[in-house]
Amino acid sequence: QQPVQSPQAVILREGEDAVINCSSSKALYSVHWYRQKHGEAPVFLMILLKGGEQKGHDKISASFNEKKQQSSLYLTASQLSYSGTYFCGTEDTGNQFYFGTGTSLTVIP
Amino acid sequence: NAGVMQNPRHLVRRRGQEARLRCSPMKGHSHVYWYRQLPEEGLKFMVYLQKENIIDESGMPKERFSAEFPKEGPSILRIQQVVRGDSAAYFCASSPRTGGTQYFGPGTRLLVL
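As the structure is a prediction and not an experimental result, all values here were calculated from the model.

Moving on, we get to the overall build of chain A. Helices and strands together make up the secondary structure of chain A, namely zero helices and eleven strands. Taken from N to C terminus, the helices and strands of chain A fall in the order β-β-β-β-β-β-β-β-β-β-β. In terms of C-alpha radius of gyration, chain A reaches 13 Å, essentially the compact-globule figure of 13 Å for 109 residues. Dimensions along the principal axes, computed over C-alpha positions, put chain A at roughly 45 × 25 × 20 Å. The buried share among the 109 residues of chain A stands at 44%. A separation of at least 24 residues holds for 55% of the contacts in chain A among residues at least 6 apart in sequence. Total accessible area on chain A is roughly 5,400 Å²; 48% of this is exposed by carbon and sulfur atoms. Distance between charge centroids for chain A: 3 Å, based on 9 positive and 9 negative side chains.

So, in structure tokens, the structure goes:
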């Protein structure tokens, strides 16, 4: 039931873009995205509630393809502060919540 | 507008001692989740509680670990007779409903000597 994220790790230079994918084997009601910086607690970024919904937060946005049971997180013009591990969290139609496998993102100057 | 509170933030125990980790959820949240995280690894689900009830403890080791969320007071994760392998960061998260967005506390870093 744990959603699978890809890639597992990515290294970017400042200003480059990245896409992180989250895929579930179950029908989803919502997808949540979190970022965890080294040594800190995960921080909630956004929730997507409807199939096809897209949301944005500064230069970070996400989409949710309900039919494919997938979500993607888009980081545009990455900044050093974007470095961290990104987790998706999925709520299935039975209200079960699972965190994804995580994607480590490192932005270098 | 307090967030999720956890204490202590750091805890050092010798092998065989007991560790008690506390979590006070956000105001209005009655759902609490506990996770363990080893360095450079993801969040490993341990237990999900609502007030006075354990809903899902499928991630809890069967021995030495227990959790409660009493009607009054914080949720407590208790580890008896700690071993070195218990050293990790323990996070709790609270949510207003089943399957809802989880908000994390700062975590308790447990070190077993």
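Next up on the list: the packing of aromatic side chains. Residue and element names in this part refer to chain B. Scanning the entire structure with this criterion turns up eleven aromatic pairs over all chains. Ring centres of Tyr35 and Phe45 lie 6.1 Å apart, and the angle between their planes is 70°; this geometry places the pair in the edge-to-face category. Of this pair, Tyr35 sits in strand β4 (residues 31-37) while Phe45 sits in strand β5 (residues 44-50), placing them ten residues apart in sequence. Judged by relative accessible area, which is 3%, Tyr35 ranks as buried.

With that settled, the discussion passes to the pattern of salt bridges. Should the charged atoms of two oppositely charged side chains come close, the side chains can pair. Scanning the model with the defined rule gives five salt bridges over all chains in all. Here A:Asp92 makes a salt bridge to A:Lys26, at a shortest N to O gap of 3.4 Å. In this pair, A:Asp92 sits in strand β9 (residues 84-92) while A:Lys26 sits in the loop between β3 (18-23) and β4 (28-36), placing the two residues 66 residues apart along the sequence. The closest approach of N and O atoms between B:Arg20 and B:Glu18, which form a salt bridge, is 2.8 Å. By sharing partners, the salt bridges in this structure join B:Glu18, B:Arg20 and B:Arg78 into a single network.

Rules and cut-offs
Residues numbered from 1 in each chain as written. Chains lettered and ligands numbered in written order. Predicted model: local features only at pLDDT ≥ 70, side-chain atom pairs only at ≥ 80, totals over all residues. Heavy atoms only, no water. Helix = DSSP H or I, 4+ residues; strand = E, 2+ residues; numbered from the N terminus. Rg over C-alpha atoms; globule rule 2.2 N^0.38 Å. Buried < 20%, exposed > 50% of the residue type's maximum accessible area, 1.4 Å probe, protein only. Contact = heavy atoms within 4.5 Å. Areas by Shrake-Rupley, 256 points an atom, 1.4 Å probe, with all protein chains shown as cover. Lys, Arg positive; Asp, Glu negative; His and termini not counted. Charge placed at Lys NZ, Arg CZ, Asp CG, Glu CD. Phe/Tyr/Trp six-rings, centres within 6.5 Å; stacked < 30°, edge-to-face > 60°. Salt bridge = Lys/Arg side-chain N within 4 Å of Asp/Glu carboxyl O.

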